[in-house]
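Below, each chain spelled out in residue letters.
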Amino acid sequence: MFASRRLGKELTKMQGQLPPGITLVEADNLENWLLDIQVLDANPIYAGETYRLKFTFSQNYPIEAPEVVFVKDDTHSIPWHPHIYTNGIICLDLLDRSGWSPVHNVESVCVSLQSMLTSNTRKERPEGDENFVRYNTQRPRDINFVFHDNKV
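Residues numbered from 1 in each chain as written. Predicted model: local features only at pLDDT ≥ 70, side-chain atom pairs only at ≥ 80, totals over all residues. Heavy atoms only, no water.

Under an unreviewed UniProt entry, the name given to the chain is Ubiquitin conjugating enzyme, and the source organism is Macroventuria anomochaeta.

**Student:** Residues and numbers for the overall build of the chain, please.
**Tutor:** Looking only at helices and strands, one finds three helices and four strands in the chain. N-terminal to C-terminal, the α/β element order of the chain is α-β-β-β-β-α-α. Here the C-alpha atoms of the chain give a radius of gyration of 15 Å, agreeing with the 15 Å that 2.2 N^0.38 yields for 152 residues. Relative to its 152 residues, the chain shows a buried fraction of 46%. Taking all contacts inside the chain whose residues are at least 6 apart in sequence as the whole, residues at least 24 apart take part in 62%. Working note: accessible area of the chain is about 8,600 Å², and carbon and sulfur atoms make up 49% of it. The centroid of the 15 positive side-chain charges in the chain is displaced by 3 Å from the centroid of its 20 negative side-chain charges. (Helix = DSSP H or I, 4+ residues; strand = E, 2+ residues; numbered from the N terminus. Rg over C-alpha atoms; globule rule 2.2 N^0.38 Å. Buried < 20%, exposed > 50% of the residue type's maximum accessible area, 1.4 Å probe, protein only. Contact = heavy atoms within 4.5 Å. Areas by Shrake-Rupley, 256 points an atom, 1.4 Å probe, with all protein chains shown as cover. Lys, Arg positive; Asp, Glu negative; His and termini not counted. Charge placed at Lys NZ, Arg CZ, Asp CG, Glu CD.)

**Student:** Outline the packing of aromatic side chains, listing residues and values.
**Tutor:** The final tally for this structure, using the stated rule, is seven aromatic pairs. Within the aromatic cluster, the residues linked to one another by ring pairs are Trp33, Phe55, Phe57, Tyr61 and Trp100. (Phe/Tyr/Trp six-rings, centres within 6.5 Å; stacked < 30°, edge-to-face > 60°.)

**Student:** Help me get a handle on the pattern of salt bridges, residues and values and all.
**Tutor:** Per the stated rule, a full pass over the model turns up six salt bridges. For Glu10, the salt bridge identified is with Arg6, shortest N-O distance 2.8 Å. Linking Glu10 with Arg6, this pair stays in helix α1 (residues 2-16), spanning four residues, or about one helical turn. Look at Glu10 and you get buried, because its relative accessible area is 8%. (Salt bridge = Lys/Arg side-chain N within 4 Å of Asp/Glu carboxyl O.)

**Student:** An account of α1 is needed here, citing residue identities and associated values.
**Tutor:** If you check α1, its first and last C-alpha atoms are 22 Å apart, about what 15 residues at 1.5 Å a residue would give, namely 21 Å. Three or more residues of α1 are buried, namely Ala3, Arg6, Leu7, Glu10, Leu11 and Met14. The arc that holds the buried residues of α1, viewed along the axis, is 135°, so those residues lie on one side. Within α1, the exposed residues directed more than 90 degrees away from the buried face are Lys9, Thr12, Lys13, Gln15 and Gly16. Looking at the buried residues of α1, the elements they touch are β1 (22-26), β2 (32-37) and α2 (106-118). (Expected span 1.5 Å × (residues − 1). Arc of directions from axis to C-beta.)

**Student:** How would you sum up α2? Please name residues and give values.
**Tutor:** For α2, with 13 residues, the first-to-last C-alpha span of 18 Å sits near the 18 Å given by 1.5 Å per residue. Every buried residue of α2 is listed here: Val106, Glu107, Val109, Cys110, Leu113, Gln114, Met116 and Leu117. Where the residues of α2 are buried, they touch α1, β1, β2, β3 (51-56) and β4 (67-71). Where α2 begins, the side chain of Asn105 points an oxygen toward the backbone nitrogen of Glu107, at a separation of 3.1 Å. (Polar contact = N/O pair within 3.5 Å; in protein donor to acceptor, adjacent residues only side chain to side chain.)

**Student:** So what's going on with the side chain of Gln114? Which residues, and what values?
**Tutor:** If you trace the backbone, Gln114 turns up in helix α2. Overall, the relative accessible area of 11% leaves Gln114 in the buried class. Here Gly21 takes part through its backbone oxygen, which lies 3.5 Å from a polar atom of the side chain of Gln114. From its side chain, Gln114 meets the backbone oxygen of Gln38 in a polar contact 2.9 Å long. Beyond its immediate sequence surroundings of up to four residues, Gln114 is in contact with Pro20, Gly21, Ile22, Ile37, Gln38 and Val39.

Below, the structure written as structure tokens:
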């Protein structure tokens, strides 16, 4: 019940106005939302690109972080970044159990991801991307990433 109340408030606010480069695409239910983000600075890695995010909410949101992944489809690719796997899974402490706080919301996650992309200077995938994508069977929220690189 708390999740639906909180998501309803967030949705109402987001339908009014979002920060530049963030677009609400679909929020037909309180379980899955789609948003598009763009990097608005002059970073050549992401120039002219729009990336799609899928948010999946549990009954425990906002106590528990949403599951957030980049989605690849006919018009959206997965951004190149040392913390984003080719299957769209994002290694970001904010989305981890230890880094999440109920003060965060969908908008703050999108802004954090925009910032993460904006500051990146390396067009590469995480080390071990191919094996991770091939063999991982865990949902993103259940993966215990080791956060050791604040440079990208």
